[in-house]
Amino acid sequence: MPWMSPLARIRDAFEGQRARDKDLRNLVSNLPYEGLDKWKQPNRHFHNNGIKTTKYSVLFFLPMNLFEQFHRLANLYFVGLAILNFVPVVQAFQPEVAMIPICVILALTAIKDAWEDFRRYQSDKKLNGLPCFVYSSKEKCFVEKRWKDVRVGDFVKVESNDIVPADLLLLYTSDPNGVCHIETANLDGETNLKQRRAVPDVCITHPEVEPESFNGIVVCEKPNNNLNHFKCYVEKMDKEKVGAGIGNLLLRGCTVRNTGYAVGFVVYAGHETKSMLNNNGPRYKRSRLERRLNIDVIFCIILLFTMCIIGSLGHYLWLESMPSVPLYLVPQSDGHFDTPSLSSFYKFFSMIILLQVLIPISLYVSIELVKIGQIFFITNDLDLYDEETDATIQCKSLNITEDLGQIQYIFSDKTGTLTENKMVFRRCSVMGTEYPHKENAARLAFINKPDEDEDVLFSQTPQPMKPRWSLDSGDSDSQEKKSERRSKGNVHSDVAFSSPLETEVIPDQKLSRQIRDAEKIDVYLDFFLALAICNTVVVSMATAKRPRTPEFQQTNQSNAFDTLSSLVRRAGSWTRPRARTTSETSPIDLTAQGQSVNQTGAQTCSLHAPPQGTTPAVPIGKLCYEAESPDEAALVHAAKAYGFVLMSRTPDSVTVQLPSGAQLRFEVLDTLSFDSNRKRMSVLVRHPISKQCILYTKGADYAIMELLGTPYGEKQQKAIASDTQQHLDCYAKEGLRTLCIAKKVLCDEEYESWAVQRQHALAAIDNREQLIMDSAVQIETNLCLLGATGVEDRLQDSVPDTVMALREAGIQVWVLTGDKPETAVNIGYACRLLEQDDLLINMSCKNKVTCTSILDCTLEEVRRYSEDPRNVDTTPDISLVIDGRTLTMAMSPDLRDRFVDLARHCRSVLCCRVTPLQKSEVVKLIREKLKVMTLAVGDGANDVNMIQAADIGVGISGQEGMQAVMASDFAISRFKHLKKLLLVHGHWCYSRLANMIIYFFYKNAANVNLLFWYQFFCGFTANSMIDHWLMIFFNLIFTSVPPVMFGIMDRDVSAEMLLGLPELYRTGQGKGEYSFLTFWISMIDAFYQSLVVFFIPYFAYRGSDIDIYAFGTPLNTISLFTILLHLSIEIKAWTIVHVVVILGSVALYFIVTLAYGVWYLNNSGYWNLQAQMVDPMFYLVCLISTVIALLPRYLFHVLKNSITPSPIVQARHLDTLEPSTRDQWIKEWRSFRGTVQDKTLDVSVPPSPSLESLDDDDYIMDDEFALNVITENHHKKALS
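**Focus on the overall build of the protein**
Within the protein, the secondary structure is distributed over 41 helices and 36 strands. Across the 1280 residues that make up the protein, the buried fraction comes to 56%. Within the protein, contacts between residues at least 6 apart in sequence are counted, and of these 77% link residues at least 24 apart. Here the protein has roughly 55400 Å² of accessible surface; of this, 57% comes from carbon and sulfur atoms.

**Observations regarding a nonpolar patch on the surface**
On the surface, Tyr1088, Met1177, Leu1180, Leu1183, Ile1184, Val1187 and Ile1188 cluster together into a nonpolar patch covering about 570 Å² of accessible area. Looking at the nonpolar patch, the element that brings in the most residues is helix α38 (residues 1176-1203), giving six residues. With respect to the secondary-structure elements, Ile1188 resides in helix α38.

**Some remarks on the sheet that holds strand β11 (residues 249-250)**
If you walk across this open sheet you meet the six strands as β3-β2-β4-β13-β5-β11, and the pairing is antiparallel. Where the open sheet ends on each side, the last strands, each with one partner, are β3 (141-146) and β11. Across two bridges, strand β2 (residues 131-136) lies against strand β4 (residues 155-159) in antiparallel orientation. Paired with Phe133 across the two strands is Lys157, which belongs to β4.

**A word on the packing of aromatic side chains**
By the definition in use, this model includes 51 aromatic pairs. Measuring from ring centre to ring centre gives 6.1 Å for Phe1095 and Tyr1098, while their planes differ by 85°; the resulting arrangement is edge-to-face. Of this pair, Phe1095 and Tyr1098 both sit in helix α34 (residues 1076-1101), separated by three residues, roughly a single helical turn. Judged by its relative accessible area of 24%, Phe1095 falls in the partly exposed class. These aromatic residues form a ring-pair network of at least three members: Phe1017, Phe1094, Phe1095, Tyr1098, Phe1099 and Phe1111. Note that Lys157 overlies the ring of Tyr261, its terminal NZ or CZ placed 4.5 Å from the centroid. Above the ring of Phe1000, the side-chain terminus of Lys1003 is found at 4.6 Å from the ring centroid.

**Observations regarding the confidence of the model for the protein**
Mean pLDDT over the protein stands at 79; residues scoring 70 or higher make up 81%. Within the protein, the lowest mean pLDDT, 28, falls on strand β18 (residues 470-471), and the highest, 94, falls on β4. Across residues 450-494, where pLDDT falls below 50, the model places 87 contacts with residues more than four positions away in sequence or in other chains. Contacts of residues 547-616 to residues separated by more than four positions or lying in other chains number 196 contacts, the stretch itself having pLDDT below 50.

**Describing the nonpolar core**
With 84 residues, the main nonpolar core has Leu293, Leu355, Ile997, Phe1001, Met1025 and Tyr1074 as its most contacted residues. Ranked by residues supplied to this core, first place goes to helix α30 (residues 977-1015) with 18 residues. Apart from residues lying up to four places away in sequence, Phe1001 is in contact with Leu293, Asp296, Val297, Cys300, Pro360, Leu363, Tyr1074, Phe1079 and Met1083. In terms of nonpolar packing, the next biggest core, distinct from the first, is built from 74 residues, Phe425, Val505, Leu672 and Ala742 among them.

**Focus: the pattern of salt bridges**
Throughout the structure, instances matching the rule amount to 44 salt bridges. One salt bridge in this structure joins Lys980 and Asp383, with 2.6 Å as the shortest N-O distance. Of the two residues, Lys980 is situated in helix α30 and Asp383 in the loop between α9 (363-379) and β14 (394-395); the sequence distance between them amounts to 597 residues. For Lys980, a relative accessible area of 13% translates into the label buried. Among the salt bridges present, the one from Arg864 reaches Glu860, with a minimum N-O distance of 3.6 Å. With Arg864 and Glu860 both in helix α24 (residues 848-867) and four residues apart, the pair spans about one turn of that helix. The partly exposed category is assigned to Glu860, whose relative accessible area is 35%.

**Quick word on the side chain of Asn1009**
Mapping Asn1009 onto the fold places it in helix α30. When neighbours within four sequence positions are excluded, Asn1009 is seen to be in contact with Met307, Ala1086, Phe1087 and Ser1090.

**A look at the environment of Glu34**
Within the secondary structure, Glu34 is located in the loop between β1 (24-27) and α2 (61-69). Along the sequence, Glu34 and Lys138 sit 104 residues apart, while their C-alpha atoms lie 8.0 Å from each other. Other than its neighbours up to four places away in sequence, Glu34 contacts Ser136, Ser137 and Lys138. A polar contact is formed between the side chain of Glu34 and the side chain of Ser137, at a distance of 2.5 Å.

**Remarks on unusual backbone geometry**
Its identity is not glycine, yet Lys239 carries a phi of approximately 70°, on the positive side. You can call Lys239 exposed: its relative accessible area is 62%. Phi is positive for Ala1022, which is not a glycine, with a value near 65°. Exposure remark for Ala1022: the relative accessible area of 2% places this residue in the buried category.

**Notes on the sheet that holds strand β9 (residues 232-235)**
Hydrogen bonding along the main chain pairs the strands of a sheet, whether they run parallel or antiparallel. Taken together, four strands build an open sheet; the order of strands is β1-β8-β9-β10 and the sheet is antiparallel. Looking at strand neighbours, the two that pair on one side only are β1 and β10 (241-244), the edges of this open sheet. Sheet twist, expressed as the mean angle between neighbouring strand axes with direction ignored, is 20°. Direction of pairing for β9 relative to β10: antiparallel, over a ladder of four bridges. Counterpart to Glu235 in the pairing with β10 is Lys241.

**Looking at helix α35 (residues 1108-1130)**
Taking 1.5 Å per residue as the helical rise, α35 with its 23 residues ought to reach 33 Å, and the 33 Å between its terminal C-alpha atoms agrees with that figure. N-cap assignment for α35: the residue whose side-chain oxygen lies 3.3 Å from the backbone N of Tyr1109 is Asp1107.

**Observations concerning the packing of α9 against α30**
α30 packs onto α9 with a crossing angle of 160° between their chain directions and a minimal axis gap of 11 Å. In terms of their interaxial angle, α9 and α30 are classed as roughly antiparallel. At the point where α9 passes α30, the crossing takes the right-handed sense. Of the residues in α30, those in contact with Leu363, Ser366, Ile367, Val370, Lys371, Gln374, Phe377 and Ile378 of α9 are Leu981, His985, Cys989, Arg992, Leu993, Met996, Ile997, Phe1000 and Phe1001. Residue classes in the contact of α9 with α30 are distributed as 12 nonpolar, three polar and two charged.

**Describing the packing of α2 against helix α4 (residues 95-128)**
A pair of packed helices is captured by two measures, namely the crossing angle of their axes and the spacing between those axes. Taken N-terminus to C-terminus, the directions of α2 and α4 make an angle of 115°; their axes are 10 Å apart at the nearest point. Considered as vectors, α2 and α4 are oriented roughly perpendicular to each other. Note on packing geometry: the crossing formed by α2 with α4 is right-handed. Together, Phe61, Asn65, Leu66 and Gln69 of α2 and Ile105, Leu106, Thr109, Ala110, Asp113 and Ala114 of α4 make up the contact between the two elements.

**Thoughts on the environment of Leu771**
Mapped onto the fold, Leu771 is located in helix α21 (residues 768-779). When the C-alpha positions of Leu771 and Arg758 are compared, they lie 8.3 Å apart, and in sequence the two are 13 residues distant. When sequence neighbours within four positions are dropped, the list of residues in contact with Leu771 reads Ala761, Ala764 and Asp766.

**Some words on helix α20 (residues 748-762)**
For α20, spanning 15 residues, the distance from its first C-alpha to its last is 21 Å, which sits close to the expected 21 Å at 1.5 Å a residue. Among the residues of α20, Tyr751, Trp754, Ala755, Arg758 and Ala761 are the ones counted as buried. Across the axial projection of α20, the buried residues extend over an arc of 120°, all falling on one side. Residues of α20 that are exposed and angled more than 90 degrees away from the buried face: Glu749, Glu752, Val756, Gln759 and His760. As for α20, its buried residues are in contact with β24 (663-672), β25 (680-686), β26 (693-699), β27 (737-746) and α21.

**A few points about the pairing of strand β28 (residues 784-795)**
Burial runs high along β28: 11 of the 12 residues are buried. Of the strand pairs in this sheet, strand β16 (residues 419-430) and β28 are connected by eight bridges, and their pairing is antiparallel. Across the sheet, residue Val424 finds its bridge partner in β28, namely Glu792. Of the strand pairs in this sheet, β27 and β28 are connected by seven bridges, and their pairing is antiparallel. From the neighbouring strand, Leu739 faces β28, where its bridge partner is Thr789.

Calculation criteria
- Residues numbered from 1 in each chain as written.
- Predicted model: local features only at pLDDT ≥ 70, side-chain atom pairs only at ≥ 80, totals over all residues.
- Heavy atoms only, no water.
- Helix = DSSP H or I, 4+ residues; strand = E, 2+ residues; numbered from the N terminus.
- Buried < 20%, exposed > 50% of the residue type's maximum accessible area, 1.4 Å probe, protein only.
- Contact = heavy atoms within 4.5 Å.
- Areas by Shrake-Rupley, 256 points an atom, 1.4 Å probe, with all protein chains shown as cover.
- Patch = residues over 30% accessible without salt bridge, like charges linked within 9 Å, V, L, I, M, F, W, Y side chains within 5 Å.
- Salt bridge = Lys/Arg side-chain N within 4 Å of Asp/Glu carboxyl O.
- Pairing = 2+ DSSP bridges.
- Phe/Tyr/Trp six-rings, centres within 6.5 Å; stacked < 30°, edge-to-face > 60°.
- Lys NZ or Arg CZ within 6 Å of the ring centre and 35° of its normal.
- pLDDT = per-residue confidence, 0-100.
- Core = buried A, V, L, I, M, F, W, Y, C linked by side-chain atoms within 4.5 Å.
- Polar contact = N/O pair within 3.5 Å; in protein donor to acceptor, adjacent residues only side chain to side chain.
- Axes fitted to C-alpha atoms, helices over the stretch in contact; angles between N-to-C directions.
- Expected span 1.5 Å × (residues − 1).
- Parallel < 35°, antiparallel > 145°, perpendicular 65-115°, else oblique.
- Left-handed = near helix turned anticlockwise from the far one by under 90°.
- Nonpolar A, V, L, I, M, F, W, Y, C, P; charged D, E, K, R; others polar.
- Arc of directions from axis to C-beta.

Right, dumping it as C-alpha cells:
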C-alpha cells in the first residue's frame, strides 16, 4: 500500500462519509480496477462484506464494559460510596471491605457480557469465512473467496441451495427465462419460493454471462431496512436507463432454490445490507413492576438521607452536650479538633456509607436471576408445546415476564390468530349465479366433527366421488400412513398452505355441467382463468427436495414452519389420475371424454376433449404450488379442481391447462401487485388465441365494485353486480372471506400508451411507489365483473374457551381485522367474543357529524343505565362494531375522548376494515388514554405495528411467515396457549416477583436498622457492633439465595385452580400485590422487627461485661432467623428446594462465622460465636426475640385469612379438596360471585343466513349507522 499523508487520509475519509450519506449512489464494476491499490478503487468508500457484531475488543473490554455498566445509576451510586469510604474523615469501615459488594456485582456482569460477546465473535468468524465465487478479470473465471472479501461492485455467482452473501442486483441466471427462485426463510420465515428476475440487456449473457461486458452505472438508493422496496436503475453507455426494483434484488441471507446458478452485481455489502440493517438485536422494554420499583428505590434513598440527617444532627448534639473533649476522640495531625458542625457534616457521609445497604444493590441481579428461572419454566411447559408443529413458546424479551400477569386489554388479529389460516374454497358466484358447493360443504362438515381426524378423513375414498378422487391402495401404504400420523410434527415441510383440507375441492355439479356446456369463449372460462392466472403462485415439482443450510438459519426461527410438516406429508398421499377412461362417468367429471393433451392445444380455447393420442408434458399430480398467501393457494386449487390447472409460471408467461387437456400459454405483460391502498392485484396478459390484451383483477368487493364499467349493457351489468353483491353479503354473514373477480380488455394503442408511463414509473427514483400505484390505478378502470368467491377460514381449537376465560379474568378483548363487518360479527359469535344477550352497536358513518351524534347518543344511554338505581354494581353487556372509515373519524383529536369513553364501557370491540397503521393507533390510544396494560397478538406482517405498539407483543408462528414472531416479545403456535400463558404463568410471574421485591426491601431495611438503632448508643459516630466482613457476608451470601428461590419456585395457587377460576387473574391487574401500601407496610414491619431484634438483646445483656462485637453476634443471629422465618411465612407452596436453601443458609451462617472467628485473629471477631453458643442466654434471647418479632405478621396472616380471606386464599383452600368436591365448590363459588357463566356446554352460534332466506331486516347496516339488539334477553334481564 503506498504511503499517504495524514491530510490525504482525512480528506478521503470525509469524502467517503459524504458518499455514504448521499441519497443516491453511483456504482461501477470493480473489474477494470482489479489489482490496483485500495485508494484507486472507485467503490472504496462503501463497506466491505465483513460483519462485526461484537461490542468489545480484547484491549478495551474492561474500560468499555465498566463504562456501560456505569450507565446504571445504582452501580455509579455504590462505586461513589466505595470511593468515598477511602476519605479518612468520613471513613465508616475498612475501605477494602466496602469495595467487595460492588466489585462482585461488576465482575459477575462483566463475565456474563464477555461470554456473550465471545459467542458473537465466534458467530461472526464463522459467517465471514463462508466461501463464495467472485469473478476475476485476471483469471477470466469465478474464483473462490470468503464472504468478508466481497466488495461493492463485485460480480458474485451463487449456485443452487447456496446462501446469498451480499445484496446482489440479479444480472443473469441459468434459467432461460432469466428467473431465479429464492427462499427468504432466514429473513422473514417464509418458506415459499419467490421469483426474482434478471435485469435484461445490461451485459452479454449468451451463451454465457460475461461480467467484463458490463460497462453501465448502477444508480441505487441509500441503504435502508425495508425488505420490500428497492429503488434502482442501470444507466447504459448510451444513457438508456433500465429500471430495477425489489424483484431484481437477491438479499443477503436468502437461499437460491430450483435454479442452477445466478450471477449478480453487489450493491450493498456487510452492515449496509438490508438483512443486517434489520438486525437490531434484542428488544428492551421496561415492565410496569420495574417502573414501580424505581419509585420505591427513590423512597429508600429519601429514607436513607433522612436517617443520615438524624445521625448527623444527633452527632452534633452529642458533641455539644459534652463539657469537654472526650479522651477517645483523636485530634488531627496539627493537634486541633474539628468543630461539632464540621464533624457532624462528615458524619453525614459516614452514615451514608454505613447504611448504604438500605438501597438494595443485589436486587437488580436477583431480579434478573428470577426472570431467567421463570422463563425456564415457561419454555419447558408441555401444555404450551404444539405437537403438530413441534414448537414450543419462545420468550424473546426477558425483562417483562411479570407484565403477563397484569394485562387488561388484548388486541387480536383475526385471520391466522383466531382462525387456522387454512383457506378452504366454499362457494362462488359467476355472472350473478350462485354455486353453493353442497358436496364440498358436506365434506367440511364431516371434518368439523370433533372425533374426526383430518388425516383419517383423507385416507378414506369418498364414495360418491370414487371415479374422480382416488387413493393408492395397499396394506404397506396404509401402514406408512399410520406411521406418518404417529410421527406428525417431526416432518419438516417446505410448502405452506398444502394440507389436504386446503388443496382438495369437490366441484359443484351444477357448475361442472355449466362448464361442460360452455362455448369456446365464455365468461366461465374467464372466471377460472382469472383464478388460475391472477396470483403470484410459483409452480414447482412436488418431488423436488430443498436441502436446508442450518449454518445460517437463526435459532429463533428453527421451528417456524414445522406447523405444516404433518399436513404436507399427509397431502402426499393424495394423487390425481393423470389419464381418464371412457368408463369414468362421475357426474362432476370435467373430462368425460379423456384427458390427453393436444400438442397444438395452445391454439384452441375449447373446454371439450382434444384429439386422442397425446399425453401431458408435466404430470398434474406432481405439480406443487407455492403461494405467498393462503387465499391465493385456495383459489388456484379451486381452479385446478375444475380442470383449469396452472402448469407453469415465468416472468414473461403463464401456462394453464384447460379441462380438455389443451394448454394455453399467456404472455404476461405486467403484474400489478397487491397493496393495502388499492386492496387488489391485477395481471395483464396477452391472449394466445385472440391476441388481445386482457387485465384480470381480483380484490376486495368494495375495491372492485366501484371500478365496474358497462360492457354488457347497463341493465345487465347492474343486475349482475346487484346479485353478486347479495351473494357477497351472504358469504360475509357466514363468516367467509370474499373476493371479487373482474376483467378488462385493452386495445393495443391503450396498452402501449400505458406501458410507456409504467416504465417511466418503474425507472423513477423519487416518489417511485406513488408513481407505480398511480399507473396501476390508471388502468384498473371500467372493469367487467366476472364473479366472486367465498373462502372459509376455520377457527382454531379452543378459541371460544380461551376468549371466555380471558373475559372472566377481567381482560377486555378487541379484534382488529381487515374483513367486512358481517364476517367479523359472525366470527365474533363463533369465538364467543359476542354473546346473543349483548347489545350490539354497529357504527358505520359517512361523515363526522353523524359519527359525533352516534357517540353522544350512545354515551348518554350508557350514563342513564349507570345512574339507574336498579342497575347498581352492574354493567350493560355492550359490544361495539366499527369500520375503518368511522374509526378514523372517531380517533380524530376532538372525538377520541368520547370514543375511548364508549369503548371503556364495552365488553368487546370489533374493528373492521382497518389498516395495519390503524391497528397500532388504536393500541396506542387505549394504552395512553386509559393507562392500562395492553397485549397485542397477531401472526402476519400486517400485525407488526400493532405488536410493537403494545406493552407486550405476542406473535403466532402461523402460515404467513415469521414477521410477527420476530417483532414480538413472546411467540406461541396457537391462540389457545394464550390462556395458560396469562392466567397461569403470568399470574405466577407477577405474584412471585412482586412478593420477592417487597421481601427484598424488607430484608435490607430490617438488617440495616440494627446499625441505625446502635447509633443512639455510640454518639452517632457511624460505628457498628457487627464485624464488617460479617456485614458483607450477610447480604452477599447468607440471605441472597432464599429470596431468589422464593421468586422462582413459589406458587400461591395451582395451575388447575387458576385455569378453573380465571377471575383469580384480577388480583394482578391495576395496582396488584405490589403497591404503595404493601411497600410501606413491609417497611414499617421491618422497622418494628429491627426494634425488637435490637432492644430485647440490649435489655437482656444490659449491665453485663460483654463487648460490642459480642453484643452484635446475637443481633446478627436473631436477624438471620427472623428474616428467614419471615420468608417461611410468606412461602405458599413448600418444596424440597425451599427447605434445602433455608436450612443451608442457616448452616452456612454458623459454619462461616465459626471459621471466621478462628481464622480472623483480631479483637472484633475472634471466638465470639463460639463463646455465645455455650451461653444459655444466647439461645433464650434468640428464641424470644424471633417469636416477638414475627408474632404480629403471623397473627395478621391468621386473622386476615380467617375473617376476610382473599380469593387467592379461598382458591388455595379449594385446592386441597378432592377433585370432585373441588369442582362442585368451584361451580357454587362462581355462581355466588356472579362471574360470567360458563356456557361452553350450550353454545349456539346464530344461524348463517342462506341465499333463499336473505332479508334486509336480518342485519341492519344503514349507510349512517345501525343499533341492533341481537336478542330480546337483554331487555328481560334489564327489567328484572
